[in-house]
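Take a look at the letters that make up each chain.
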Amino acid sequence: MDRSHTYELGGRDLAAVLTPPLGVLAIAALLIHGAAALGWLPPPRPALDMDRTVLVHQAEAARTPQLARTVVIGDSSGLMDVSAVVVSAGLEEPVRNLSTLSYVDLPTHARLLREYAVTNSGGLREVVLLLHPETLRLRDPSSYHSRQVVDFLEGRDAAPGPGVGTRLSLWLGGERLRGRCLSRWLPVPLAGEYGRFYGFTTDLERYLEAHGGSAVDPHTFDRQKAQGTAEYRLARRFELESRTFRDRMPSARLYVGLTPAPESFVGADHATAVDRLRTQWSAWLEPDGLLTNLPVTMPDRWFASVTHLNSAGSVEFSGRLAAEVKRARSLSGTAGAPEGGPRSPR
Amino acid sequence: MLFNSDVFLRFFAAFLLLYYLVRGHRAWRNVLIVGASYLFYGWWDYRFLSLLFLSSVVDYSVGRKLAVTEDPARRKLWLGLSLVVSLGLLGFFKYCNFFVESFAAVLAQLGLSASPPVLNVVLPVGISFYTFQSMSYAIDVYRRRLPATRSFVEFLAFVSFFPQLVAGPIERASNLLPQFQRPRVITSAMVGEGVWLMLWGMFKKVVLADNLAPLVEQAYHPGVHSGPVIVLGTIAFAFQIYGDFSGYSDIARGLAKILGFELMVNFNLPYGASSLREFWHRWHVSLSTWLRDYLYVSLGGNRRGAVRTRLNLLVTMVLGGLWHGAAWNFVLWGLWHGAGLAVTRRDRRVAGTAPLPGWRRGIAWGLTAAFVLYGWLLFRAGSFSEVVRLTTSLGRLEWPVWIGSYALNLVVFSLPLVLVQIWQARAGDLLAPARLPLVPRALLQGALLGAVILYWEKQASPFIYFQF
C-alpha cells in the first residue's frame, strides 16, 4: 500500500504537548473565580467600549452623592443634546445628566433614578425625561444594554455576548478578568469620530464627569447620508414601559419632552406628529409637566446626526430646555419654590 | 474561511480526523487535501474556485508540455502562455480599474475628458499568492530546475494547499511539491512546534494586530493632525501589519507541521534588521526571494553594471509595491524601498553585507527602523493627498489629552512580541519557545492561549494581506 503519512507519536506524546497549557488555563480559571468569590478582585466595572462606558459611568454617577436635585434622563439624545452645564446656568442650580442610550428601556432608567434618590436622600426633586421620536418607535429595547446597567448596579459580572470564544472566556474567568481588572487598567480606544474627539474610554469618562454627565456628538450631519424616514410613531411597548417607569421612579416631579430632529429630515406635518406622540406618551406617563415649547426641529447646521445635536446645537437646545423647565415649574406652581413638595409616586 | 474564526476550528478538527483515517493512502490524502482546500477557499466565494482551478490547469498543462518539448522557441511559447494567463488573471481582477482610472486621470490632466467604463470587479482573495506560486512552477520547469509533475492531483494540492493558500508563504514547487509525492512522518516534536507556531501566530493576530488596529485607525483619522500621534500610530501600524501577516504565516506553518509538511520561514525577526537589505532578507521572505529569482534576475540582476543594478532594484521594488495593491501609495512605497536599497547598496557595510561593530549597528538599526516606519506611513495612507497630510502633520507638536492612553495601549500589546523576539534573536532560533522545559513552556503557552481566548472575536477580523 502507498503509505501517506506515519504518526511517530502516541497518545501520551500528544497529551504531553496539549495538556500542560490547558492545565495552566484550568488553574488560572480556578484562581480567578476563587478570587472573585472571595472578594479579592475589584468589583465589576465593564467600561469596555463607548456604550458600556456611558452605561457604567451614568450608573456609577447615580449612586454617587451629587449636589444636583434636578436630573435629566433619557436616551442618547438626552446625553448628547443636553449640556448639564448650560442647563445648570439657566436654572441657577446644579443639574445632573443621567441619560444613557435608546437601547436601555424605561424601567432601567427608573432604576437609575431610584439609585440616585437613595444615595442623595431626599435630594431628588425633579426629573426631566427626554427621548427622541426615533426612540419612541423602537420596537424592542436591547436586553443586553439594560442588563449591563442592572448587573453593574447589583455588582454582578456582566453577562457576555454570544459566541464560542466568549463562552469559553466566561468559563475560564477571562470575562471576570476583563470586566473587573482590564477595564480599570487599560483604556480602550473609541472608534471613528468619537476616537478622535474623546480618545479612549477613560477620557470619555473624564469628559462626562467634567460636564455633569453630558457628552457631545462630534459628527457632522450630512442630509444626503441620513437614512430612515421621519414617520415617527409610538411603539406599543412604551405603554407598559412608561407606566412601569412612573410606578418605579422615586418621589419627584416629572417633566417630559422630546428632542428635536433636523429641519430638512422631517416632513411638514412633523410638529403635529410630535404633538400627537407627546400627548399619547404623556397619557401613560402622567407627568407633572409637558415640555411642549421645546423645538421639534432645529436647523441642520446644529446637528451631528438625525438624532443628535452637535456641540453648538446642544448649547442652544439646553438654553431652551432651561427656560422650558422654568415655565413648567411655574405652571405646576413650583416656580421659585425649590422646596416645593415633590409628587409622590403612584 | 479565516484561521481566527469558529468555523475554521471546526473545519480543521474534522479535517484532522479524516487526515488520520487516510494515513494509509497517499492518493486519498492528496485528494482529501485538495477537497478540503477547495472547501476552505470556496467558503469565501465558491465562484472564484474556477480561477484557482484554471490557474492550476494551465500551469500543470504547460509543465507537461515543457517536459516533452525541446525546441527553445516552442518552450518559450508555452511559458508565455502560462505567464499570459497568470498575469492576465491578476491584471484583470486586481489592476483593471486601477489602470483605467489612472489613464482617465492622466487624460483629465491633459485637459481631455474621458469617462471610461469602470468594472465592479471583486478581487478574489489570495489571487496574488496562488498565481505567483503556480507561475513559479512553470518558470522553474522552463528553466529545467524542476521536473514537471505527472500527477494532476498533486499539482492541485500544491497550488491550493489550504494552510498557505490565501496569504502565503508563496511556496516554491521545489520545496512543497515533492512533499505531496512522498510519505510524511509526523513526530511529537513536529506537533509541539506546530502547536507553538499556531498559538504564537494566533496571539500575534488576535491579541496584537486586532488590538492595535483601532489605535492605527485613530491616528490615521483624517481629523488628526498631531505629529506625535501619527508617529505612535505608524509604530502601531508597523506592529499591526507584522503581527497580522507574520501571524498568518506562523499559523500556516504550524498547521502544515501538524500535517507533516514543512513550509518556508516567511518572517525572520525583520525589525531587528540594521540595513534595508537585511530587512528585505527577513520580511515576507517568500515574496522577496520570488521577486529576486523571477524578476530581478530576469532583468539582469547585478550582472550589468552599477547603474543597471540600481535600476533593476528600483523596478523590482516598484513592482513589488504594486503587487500589494492597485493604488499609487503602494507604488510609492515600493519606490521608497527601491530607492533606499539602490542608494545604500553603495556602502557594503550600510547595505548589510558586512557586520557593523557595536554602537554603529545601533545607529544603523535606528536609521533602518525610521526608514521602514516612514515606508509604513506611505503604505497605510489611502492616497497621495493623505501621504501629504500625514507627512506635513509629522511636524505639528500637538499632544492630545489621550496620548498617554495611546502609548499605554501600544506598549501593552506590542511588548510581548518585542520580548519574545529578543529572546528568539538571542537564542538564534525562532522555535526556541517551543523547546522550553515543561513548566515554563506550559506557563507561556497557557498565557498565550488565555489571551487568545480573551480577545477571540465572534466576528473574526480578516487578515490585512487577504486584500493583496
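Residues numbered from 1 in each chain as written. Chains lettered and ligands numbered in written order. Predicted model: local features only at pLDDT ≥ 70, side-chain atom pairs only at ≥ 80, totals over all residues. Heavy atoms only, no water.

(A) Quick look at the packing of aromatic side chains. All names here are of chain B. Summed over all chains, the structure comprises 65 aromatic pairs over all chains. Judged by centre distance (5.9 Å) and plane angle (75°), the rings of Phe53 and Phe152 are edge-to-face. Of this pair, Phe53 sits in helix α3 (residues 49-68) while Phe152 sits in helix α6 (residues 152-160); the two residues are 99 residues apart in sequence, bridging distant segments of the chain. When its relative accessible area of 38% is taken as the criterion, Phe53 is described as partly exposed. Over the ring of Tyr20 we find Arg23; its NZ or CZ atom is 4.0 Å from the centre of that ring. (Phe/Tyr/Trp six-rings, centres within 6.5 Å; stacked < 30°, edge-to-face > 60°. Helix = DSSP H or I, 4+ residues; strand = E, 2+ residues; numbered from the N terminus. Buried < 20%, exposed > 50% of the residue type's maximum accessible area, 1.4 Å probe, protein only. Lys NZ or Arg CZ within 6 Å of the ring centre and 35° of its normal.)

(B) The arrangement of the interface of chain A and chain B in detail. Taken together, the contact pairs 45 residues of chain A with 47 residues of chain B. On the chain A side of the contact with chain B, A:Ser4, A:His5 and A:Tyr7 bury the most area, a combined 16% of that side's loss. Where chain A meets chain B, there are zero salt bridges. Between chain A and chain B we count 13 residue pairs in polar contact (both at pLDDT 80 or more) in total. Counting residues per element, the ones that place at least two in the side of chain A that touches chain B are β1 (5-8), α1 (11-37), α8 (164-171), α9 (174-185), α10 (192-197) and α11 (201-210) of chain A. Considering each element in turn, the side of chain A that touches chain B owes the most residues, 10 residues, to α1(A). Tallied by class, the residues present in the side of chain A that touches chain B amount to 25 nonpolar, 11 polar and nine charged. (Contact = heavy atoms within 4.5 Å. Buried area = accessible area lost by both parts, 1.4 Å probe. Salt bridge = Lys/Arg side-chain N within 4 Å of Asp/Glu carboxyl O. Polar contact = N/O pair within 3.5 Å; in protein donor to acceptor, adjacent residues only side chain to side chain. Nonpolar A, V, L, I, M, F, W, Y, C, P; charged D, E, K, R; others polar.)

(C) Main features of the pattern of salt bridges. Using the criterion set out here, one finds 41 salt bridges over all chains in the structure. Note that A:Glu60 is salt-bridged to A:Arg45, the shortest N-O span being 2.5 Å. Here A:Arg45 lies in the loop between α1 and α2 (50-62) and A:Glu60 lies in helix α2, a separation of 15 residues in the sequence. The exposure class assigned to A:Arg45 is buried, which follows from its relative accessible area of 11%. Notably, a salt bridge pairs B:Glu217 with B:Arg380, separated by 3.3 Å at the nearest N-O pair. Remark: B:Arg380 occurs in helix α14 (residues 358-380) and B:Glu217 occurs in helix α8 (residues 188-219); sequence separation between them is 163 residues. For B:Arg380, a relative accessible area of 24% gives the class partly exposed.

(D) Looking closely at the confidence of the model for chain A. When pLDDT is averaged across chain A, the result is 90; 95% of the residues are at 70 or more. Every residue in residues 336-342 of chain A is under pLDDT 50, and counting partners more than four places away or in other chains gives nine contacts. (pLDDT = per-residue confidence, 0-100.)

(E) Spotlight on the domain arrangement of chain A. All names here are of chain A. Partitioning chain A into structural domains gives domain 1 (11-40) and domain 2 (50-332). Averaged C-alpha coordinates put domain 1 and domain 2 at centres separated by 42 Å. The partner domain 2 presents seven residues to the five residues of domain 1 that form the contact. Buried surface at the junction of domain 1 and domain 2, both sides included, amounts to about 540 Å², of which 66% is carbon and sulfur. The largest per-residue losses of area from domain 1 upon contact with domain 2 belong to Ile32, His33 and Ala36, which jointly make up 74% of the total buried on that side. (Domains from an automatic or database assignment.)

(F) View of α9(A). Among all positions of α9(A), only A:Gly174, A:Glu175, A:Arg178, A:Gly179, A:Arg180, A:Cys181 and A:Ser183 are buried. For α9(A), the secondary structure elements touched by its buried residues are α1 and α8 of chain A together with α17 (438-455) of chain B.

(G) Inspection of a nonpolar patch on the surface at higher detail. Residues and elements named next belong to chain B. On the surface, a cluster of nonpolar side chains totalling about 410 Å² of accessible area is made up of Leu17, Leu18, Tyr20 and Leu21. Topologically, Leu17 is positioned in helix α1 (residues 6-21). The class for Leu17 is exposed, based on a relative accessible area of 54%. (Patch = residues over 30% accessible without salt bridge, like charges linked within 9 Å, V, L, I, M, F, W, Y side chains within 5 Å. Areas by Shrake-Rupley, 256 points an atom, 1.4 Å probe, with all protein chains shown as cover.)

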